[in-house]
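One letter stands for each residue in the lines below.
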Amino acid sequence: MQLTGWAGVLPGLAFTGAAVVAVATCARPFTGPPNRVVGRAVAVAAFVAVPCALLGVRPPALAVLLITLTLLAVLSLPRTRWTPLLGVPLAGAVLIGTMVLPDADGTARPGVPLARVVVRDGGPVVVVPHRPGWNIVGVDARTTAVGTDRGHLIATEPVAGAEGRWANVLLPPGRGHLWVQAGGRTVSLAIAPGHGAPASAPAPGDAPECASAAVAALATGGSKRFGACPSATLHPEDAADLRAVVAYVAARRVPAITLVADGSARSQAAAQVVRRAAQEGHVTVTPEPRADRPAFLVSGWATAYTRLMDIARGRTPSQGSYLAPWLLASPLLTVPAGQLVPLRFTPEDPMPQRYEAALERRYPGQSPTATGYTAWLSALHVRPAAAIRLYAASTVQVPGPIGHDHGAGGAWLPGGTITEVAGPLGVPA
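Criteria and cut-off values
Residues numbered from 1 in each chain as written. Predicted model: local features only at pLDDT ≥ 70, side-chain atom pairs only at ≥ 80, totals over all residues. Heavy atoms only, no water. Helix = DSSP H or I, 4+ residues; strand = E, 2+ residues; numbered from the N terminus. Buried < 20%, exposed > 50% of the residue type's maximum accessible area, 1.4 Å probe, protein only. Contact = heavy atoms within 4.5 Å. Pairing = 2+ DSSP bridges. Salt bridge = Lys/Arg side-chain N within 4 Å of Asp/Glu carboxyl O.

Participant: What is the right way to read the overall build of the protein chain from this model?
Facilitator: Looking only at helices and strands, the protein chain has twelve helices and 15 strands in total. Taking all 429 residues of the protein chain together, 49% fall into the buried category. For the protein chain, the share of sequence-separated contacts (at least 6 apart) that also reach a separation of at least 24 residues comes to 70%.

Participant: Hey, could you run me through the sheet that holds strand 4 (residues 143-147) in this one?
Facilitator: Each strand in a sheet pairs with another by means of backbone hydrogen bonds, the pair being arranged parallel or else antiparallel. Pairing is antiparallel across the open sheet formed by four strands, whose spatial order is 5-4-7-8. Either end of the sheet is taken by a strand with one partner, and the two such strands are strand 5 (154-155) and strand 8 (185-194). Summarising the sheet, strand 7 (residues 174-182) and strand 8 pair through eight bridges and their orientation is antiparallel. If you follow Gly174 over to strand 8, its bridge partner there is Gly194.

Participant: Would you mind going over the pattern of salt bridges with me for this structure?
Facilitator: Where charged atoms of side chains with opposite charge meet at close range, the side chains can pair. All told, the structure shown has eight salt bridges when counted by the stated rule. Of the charged contacts, one joins Asp292 and Arg290 as a salt bridge, the two residues approaching to 2.7 Å between their closest N and O atoms. For Asp292, a relative accessible area of 39% corresponds to the partly exposed category. The salt bridge involving Arg315 is made with Asp310; its shortest N-O contact spans 2.8 Å. For Asp310, a relative accessible area of 17% translates into the label buried. What you see here is one network of salt bridges that share partners, running through Arg290, Asp292 and Arg293.

Here it is in structure tokens:
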């Protein structure tokens, strides 16, 4: 177990080397041409700064600026007294890099979520939204406690319907460290939540989905400030998907459905969409579960997982279950409850495969989810596909070919299949 390695060291070395060069060039009018010792020191500083900036400084535009100014300053140092014309902007680039843009210790900008590995062979520690106030902290199953005070850590807990362990941590303004306890040892992650507006963490059950969206956006290589958790808003595409599924059920002459929602803004808006669509299709919506009617789940992950487990264990009668699009997450699909989910993609399509590969490359062990895929597309400014199809999730393996091009599960459903059963549905938004 160890602290994060060169990913955090390289920017520090780059900015330190550039700072040495900047000091030497700014002092040139007062010191005259550098002697052999100073010249060698500046050359070594530049030799360290340039490759470290190339490999470790982000965004790339800052790295290019830092390298260019450093090389020009070193080349001009023995020849002219006007080197401050290069030394001053170089010092400014160092100041910007260490104070505003990604810090030399590897932390991100305030408001940009963190997802960093601090334990050897462990999963990333996820901090969302990385602002002062209450933040979501997600860790792998081995991490037992986190916090900003090493002497008073907060126990992490599992969340229904999600992998890993979770905690809500109050981050103070400015800079500091998040302490992570795993396997009997405690290590730290540098944080810089800044001094912006205080954050308020979502309901505990919505934290894993929120983190999945944040990690997916980071997997694109971008560093945009975090907006709101997915549970705060119902996207037009999701509303259209729900209307299409209700129309599909109505066409099959299903007389009634059971609606399962929670208190989030997205869930309440989705419930209204389902009720209106059901009314138009002459389908009755009731909260009471029955064996002759399917369940419509428009809640968050935690509530959905609890209801699916009740259906699977016979505690709640139901004629299968229809999931909202954002409920495509492997812990929710492995429950044997007859899940059907509307999607605008298939897991083995090229774009979902690219998303899955990006997660594996940058954050090994993070599972792909529909929410994450949506956030990943949004970060790339790519619109989702228009066609809506209905898919069935199953963990029952069938030997040999499954007879359909849309049946792979892969990392989306380990040990199972996600198979198209109907579509295209309805009219897309």
